[in-house]
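# Observations on chain architecture
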Amino acid sequence: MYKVTKHIDFCYGHRLMHYEGKCRHLHGHNSRVEVDLQSDKLDERGMVYDFADIKEVIKKWIDDTLDHNMLLNKADPVVPLLKQHGERFFLMDCNPTAENIAKLIFDHAHARGLPVVEVRLWETPTSFATYRG
């Protein structure tokens, strides 16, 4: 089995609803996502997947959709205020936890046809969440 990993750094803000800790307040993270792609055979170029193609599919989407954006639960009461002031935000059906953001990125990669097997989202330099398909 062959596996390649692409690291992508990005910044995002969020807050967690129904949570009693500090993360109930709006705050931001400098994060890193690691996307693992796997195949039992290599393509005609000798690759699982070209790193440049991974960058084009995943990094471009992260830059356009998640980077320097507020990731919020669609029920968050701050959404109308952000909308009123023309601020950027991305709404999720769930709390924007590291676990759910990792799954969001996995699902995007999978929907674009990448042979993704795992996504790790480093929320801080010492803490990460993993989603495996």
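Note: the structure precedes this text.
Here is what the cut-offs are and how they apply
- Residues numbered from 1 in each chain as written.
- Predicted model: local features only at pLDDT ≥ 70, side-chain atom pairs only at ≥ 80, totals over all residues.
- Heavy atoms only, no water.
- Salt bridge = Lys/Arg side-chain N within 4 Å of Asp/Glu carboxyl O.
- Helix = DSSP H or I, 4+ residues; strand = E, 2+ residues; numbered from the N terminus.
- Contact = heavy atoms within 4.5 Å.
- Polar contact = N/O pair within 3.5 Å; in protein donor to acceptor, adjacent residues only side chain to side chain.
- Pairing = 2+ DSSP bridges.
- Right-handed = clockwise from strand over helix to strand, strands pointing away.
- Axes fitted to C-alpha atoms, helices over the stretch in contact; angles between N-to-C directions.
- 1 Å grid on protein atoms, 1.4 Å probe; cavity = no way out; pocket = protein on both sides within 12 Å on 5 of 7 lines; lining within 4 Å.
- Points joined across faces, edges and corners; volume = space filled by probe spheres on them.
- Phe/Tyr/Trp six-rings, centres within 6.5 Å; stacked < 30°, edge-to-face > 60°.
- Buried < 20%, exposed > 50% of the residue type's maximum accessible area, 1.4 Å probe, protein only.

## Quick word on the pattern of salt bridges
Enumeration over the complete set of coordinates arrives at 14 salt bridges. Of the charged contacts, one joins D36 and K3 as a salt bridge, the two residues approaching to 3.7 Å between their closest N and O atoms. Here D36 is found in strand β2 (residues 27-39), whereas its partner K3 is found in strand β1 (residues 2-14), with 33 residues between them in sequence. Note that D43 and R45 form a salt bridge whose closest N and O atoms lie 2.7 Å from each other.

## Quick word on the environment of R45
On the secondary structure map, R45 appears in the loop between β2 and α1 (51-65). Here the alpha-carbon distance between R45 and F106, two residues 61 residues apart in the chain, equals 25 Å. Ignoring anything within four residues of it in the chain, the contact list for R45 reads D50 and D53. At 2.7 Å, the side chain of R45 forms a polar contact with the side chain of D43.

## Re the side chain of N73
Secondary-structure assignment places N73 in strand β3 (residues 69-73). A distance of 2.7 Å separates a polar atom in the side chain of N73 from the backbone nitrogen of A75. Every residue in contact with N73, bar those within four places of it in the chain, is listed here: M17, V79, L91, M92, D93, C94, N95 and P96.

## Focus: the pairing of strand β4 (residues 89-92)
By the bridge criterion, four bridges tie β3 to β4 in an arrangement that is parallel. Bridging from a neighbouring strand, N73 pairs with M92 of β4. After leaving β3, the chain enters helix α2 (residues 79-84) and then returns to the sheet as β4, a path that is right-handed.

## So, the sheet that holds β1
Spatially, six strands are ordered β4-β3-β1-β2-β5-β6 in an open sheet, and the strand pairing comes out mixed. Two strands in the sheet have a free side with no partner beyond their single neighbour: β4 and β6 (127-132). Sheet twist, expressed as the average angle between the axes of neighbouring strands with direction ignored, equals 35°. Contacts from α1 reach β1, β2, β3 and β4 within the one sheet, and its direction differs from that of β1 by about 15°. Sheet contacts for helix α3 (residues 98-111): β1, β2, β3, β4, β5 (116-124) and β6; angle to β5, the most-contacted strand, approximately 145°.

## Looking at the layout of surface pockets
Taken as a whole, the largest pocket encloses approximately 160 Å³ of empty space. Lining the largest pocket are H14, L16, Y19, C23, T97, A98, E99, E123, S127, F128 and A129. Elements supplying a minimum of two residues to the lining of the largest pocket: α3 and β6. Top contributing element to the lining of the largest pocket by residue count: β6, with three residues.

## Overview of the packing of aromatic side chains
Under the defined criterion, the tally for this structure stands at three aromatic pairs. Aromatic pair W122 and F128: ring centres 4.3 Å apart, planes at 45°, arrangement tilted. Of the residues examined, F128 reaches a relative accessible area of 44% and is grouped as partly exposed.

Remember that the coordinates give geometry; whether it matters functionally is a separate question.
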